Amino acid sequence: MASLMASPLPRLAAVLVVTLLAGCGFHLRGTGGGTALPDSWQAMHLQAASPNSEFTRVLRARFTASGIRWVNAGEATHRLELGPERFAQRNLSINAEARAAEFELTLRATFAVRDGEGALVMGPETAQVAKQMENDPRNVVGKAEEIRILRDEMRGELAQQIIRRIAFFAASSG
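Everything numeric here is computed off the predicted structure, so don't read it as measured data. (Residues numbered from 1 in each chain as written. Predicted model: local features only at pLDDT ≥ 70, side-chain atom pairs only at ≥ 80, totals over all residues. Heavy atoms only, no water.)

Caption draft 1: Up close: the packing of aromatic side chains. Using the criterion set out here, one finds two aromatic pairs in the structure. Here W41 and F169 contribute two aromatic rings whose centre-to-centre distance is 6.1 Å and whose plane-to-plane angle is 70°, an arrangement assigned as edge-to-face. Taken together, the residues span a long stretch of sequence, with W41 in the loop between helix 1 (9-23) and strand 1 (43-48) and F169 in helix 3 (residues 140-172) at a distance of 128 residues. Residue classification places W41 among the buried residues on the basis of a relative accessible area of 7%. Under the relative-accessibility criterion, F169 is labelled partly exposed at 24%. Here the aromatic rings of F63 and W70 are separated by 5.6 Å at their centres, their planes lie at 45°, and the arrangement is tilted. On the basis of relative accessible area, F63 is assigned to the buried category, the value being 1%. Here R60 stacks its cationic end above the ring of W70, 5.6 Å away from the centre of that ring. Note that R151 overlies the ring of F87, its terminal NZ or CZ placed 4.2 Å from the centroid. (Phe/Tyr/Trp six-rings, centres within 6.5 Å; stacked < 30°, edge-to-face > 60°. Helix = DSSP H or I, 4+ residues; strand = E, 2+ residues; numbered from the N terminus. Buried < 20%, exposed > 50% of the residue type's maximum accessible area, 1.4 Å probe, protein only. Lys NZ or Arg CZ within 6 Å of the ring centre and 35° of its normal.)

Here it is, written out as structure tokens:
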């Protein structure tokens with residue numbers, strides 16, 4: 001019975017905080033429903049070194065979700081030139097048996113943006129994502145699966161990093 005008579009103040013405070021955050025334009029990264037790219041940048045053509053790679057598919061999907069329309073080269077206001085993903089794995093530390101105890105995984109890609117006439121407007125630049133993981137030398141199958149999962153996550157992060165860099169450049173260049 002006491003819970004039914006509880007003060008509405010905490011609920012009112014929560015509603016007020018949510019309303020204030022929504023009113024100021026706050027949103028979690030990746031949930032903005034659009035992109036910070038100006039309208040003149042939203043018709044793009046993708047020229048990828050590896051057009052059928054998993055990274056190219058992830059990047060294309062992330063850009064599309066951000067409001068980019070992929071068009072033919074002749075219709076594009078900008079062309080995104082994407083190099084292949086480069087994945088590297090190195091040992092960070094070793095254990096008492098002289099086996100790798102920790103790995104660093106690095107995924108990088110180069111990209112550049114040209115305008116509709118083919119003039120270079122941004123780049124070439126390199127975007128990079130790095131993650132660390134612990135290694136259990138007795139679980140080779142589990143390690144391979146963990147690396148595969150981390151690499152998939154890193155592709156998404158790398159695509160988001162490229163989107164943010166291009167959006168920042170577009171906003172700062174007028």
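Caption draft 2: Main features of the nonpolar core. Counting 33 residues, the largest nonpolar core has L59, F63, L80, L82, F111, I162 and I166 as its most contacted members. Mapped by element, the contributors of at least two residues to this core are strand 1, helix 2 (54-65), strand 3 (78-82), strand 5 (100-115), strand 6 (120-134) and helix 3. Broken down by element, the residue count for this core peaks at 10 residues, all from helix 3. Residues contacting L80, with those up to four places away along its chain left out, are M44, H45, L46, Q47, L59, F63, W70, F111, A112, V113 and I166. (Core = buried A, V, L, I, M, F, W, Y, C linked by side-chain atoms within 4.5 Å. Contact = heavy atoms within 4.5 Å.)

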